[in-house]
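Architecture at a glance
Chain residues, written in single-letter form:
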Amino acid sequence: MTSGRYAPPAPRRELTATSADGSRLHVEIHGPDDPGLPAVVLSHGWTCSTAFWAPVVRNLAADHKVVLYDQRGHGRTPATGPRGYSTTALADDLTAVLGAALEPGERAVLAGHSMGGMTMMASAERAEFRERAAAVLLCSTGSASLSAEAMVIPLRSPGGRRVAHRAVLGSRAPLGPVTALAKRVLKYATMGPAATPEQVEACARIVHACPVGVRSRWGKVLADLELTGGAARLDVPTAVVAGTADRLTPIVHSRRLASVLPRFLGLTELPGAGHMTPIEEPDAVAGRIRDLVRDHLRSDGKTAADTATAEAKEKTA
């Protein structure tokens, strides 16, 4: 996509973050060069890239510092060796990006879609994450049982779905060119019935660009995912957004997250939307991010908790 709402906007700045194992991550910063703007960090999902956030970035970048990055092996971040794919790597990469893209002491609202949301859960106990995250938005994601509860292959038995979806997640079959048939399949698996042709085209271009080996290795991580403990330790204000027609991470995942998140702020259910909520419903996603910025992050990058602590110190000084 080279024009229109779903075309990736040009970043103000590009940089490279280095993860714990030496992996080099492509990072973009969007928005005006104004140190007074609140910061937002966006983390994309499986088989996607920074381009996936294009309509959300276009909504936010006028009055926010927007940071986004390519997960390892996606977009312009190189693939790593076979052992470099794990939830630990997700957390390592996010903390590296936060350190590289945010100023000392700067906090941000973090939003993660699908595997990007799992990245937040995997990072929950990291000191760097807790120091930087003012609030979190989890979009169309889950913490466990992805293979058994997905409905892309709608078998009656959870065991049958688990076997079928594990095979799909770990498949090394090439997706091939973006044809009319490929777009129909992608729309069925990942998007709601009301998704527009332009939205389907944007998603197909992004997903088909993901290398086969990277897709397979991350897919195997997702097939065995267990991050419910991480969600339960995500001790920052956290909101959830999900589509009611999501086949990849059905709404049951978001409702389960609502029961375990320690500082849960509410679940926004988007009627008829599928898994690709930042593209299908970008204004709703951006609006929820704006709500979190308004309620939990001041323009100087501090939180309400920071202010209360500083005031308490002044009173005792």
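Computed from a predicted model, the values in this text were never measured in an experiment.

1. What to know about the environment of Glu-106
Mapping Glu-106 onto the fold places it in the loop between helix 2 (87-101) and strand 5 (108-113). A sequence separation of 98 residues divides Glu-106 from Pro-8, and the C-alpha atoms of the two residues are 26 Å apart. Of the polar contacts made by the side chain of Glu-106, one reaches the side chain of Lys-65; its length is 3.0 Å. Polar contacts involving the side chain of Glu-106 include one to the main-chain amide nitrogen of Glu-103, which spans 2.7 Å.

2. Some details on the packing of helix 2 against helix 3 (residues 115-122)
Contact geometry of helix 2 with helix 3 gives a least axis separation of 8 Å together with a crossing angle of 85°. One element, helix 2, and the other, helix 3, form an angle in the roughly perpendicular class. From helix 2, Thr-87, Leu-90, Ala-91 and Leu-94 reach across to helix 3, where they touch Met-115, Thr-119, Met-120 and Ala-122. Looking at the contact of helix 2 with helix 3, its residues break down into six nonpolar, two polar and no charged.

3. Side note on the pattern of salt bridges
Counted by the stated rule, this structure contains 18 salt bridges. Between Arg-72 and Asp-21 there is a salt bridge, and its shortest N-O distance comes to 2.9 Å. Of this pair, Arg-72 sits in the loop between strand 4 (65-69) and helix 2 while Asp-21 sits in the loop between strand 1 (13-18) and strand 2 (24-30), and the two are 51 residues apart along the sequence. Since its relative accessible area comes to 45%, Asp-21 is described here as partly exposed. A cluster of three or more residues bridged by salt bridges with shared partners is formed by Arg-288, Asp-291, Arg-294 and Asp-295.

4. Some words on the packing of aromatic side chains
The tally for this structure, following the rule as stated, stands at two aromatic pairs. Ring geometry for Phe-52 against Trp-53: centres 6.2 Å apart, planes inclined by 80°, an arrangement best described as edge-to-face. As far as the burial class goes, Phe-52 and Trp-53 line up, both buried. Note on Tyr-85 and Trp-218: the rings are 5.2 Å apart at their centroids and 85° apart in plane angle, and the pair reads as edge-to-face. Here Tyr-85 is found in the loop between strand 4 and helix 2, whereas its partner Trp-218 is found in helix 9 (residues 212-223), with 133 residues between them in sequence. We classify Trp-218 as buried; its relative accessible area is 0%.

5. Looking at empty space enclosed by the protein
The method is simple in principle: a probe with the dimensions of a water molecule rolls over the atoms, and the space it marks as empty is what remains. Going through the model one piece at a time under the given rule, you end up with one cavity of 30 Å³ or more. Of the pockets and cavities examined, the largest cavity occupies roughly 30 Å³. Lining the largest cavity, in full, are Pro-8, Pro-9, Glu-28, His-30, Thr-50, Ala-51, Ala-54, Val-57 and Leu-68.

6. Focus: the environment of Ala-89
Here Ala-89 lies in helix 2. Using a relative accessible area of 6% as the deciding quantity, one classes Ala-89 as buried. In this structure the C-alpha to C-alpha distance between Ala-89 and Thr-119, which are 30 residues apart in sequence, comes to 8.9 Å. Ignoring sequence-local partners within four residues, the contact set of Ala-89 consists of Arg-72, Gly-84 and Trp-218.

Conventions used here
Residues numbered from 1 in each chain as written. Predicted model: local features only at pLDDT ≥ 70, side-chain atom pairs only at ≥ 80, totals over all residues. Heavy atoms only, no water. Helix = DSSP H or I, 4+ residues; strand = E, 2+ residues; numbered from the N terminus. Polar contact = N/O pair within 3.5 Å; in protein donor to acceptor, adjacent residues only side chain to side chain. Axes fitted to C-alpha atoms, helices over the stretch in contact; angles between N-to-C directions. Parallel < 35°, antiparallel > 145°, perpendicular 65-115°, else oblique. Contact = heavy atoms within 4.5 Å. Nonpolar A, V, L, I, M, F, W, Y, C, P; charged D, E, K, R; others polar. Salt bridge = Lys/Arg side-chain N within 4 Å of Asp/Glu carboxyl O. Buried < 20%, exposed > 50% of the residue type's maximum accessible area, 1.4 Å probe, protein only. Phe/Tyr/Trp six-rings, centres within 6.5 Å; stacked < 30°, edge-to-face > 60°. 1 Å grid on protein atoms, 1.4 Å probe; cavity = no way out; pocket = protein on both sides within 12 Å on 5 of 7 lines; lining within 4 Å. Points joined across faces, edges and corners; volume = space filled by probe spheres on them.

Such coordinate-based values are descriptive only and should not be taken to indicate function.
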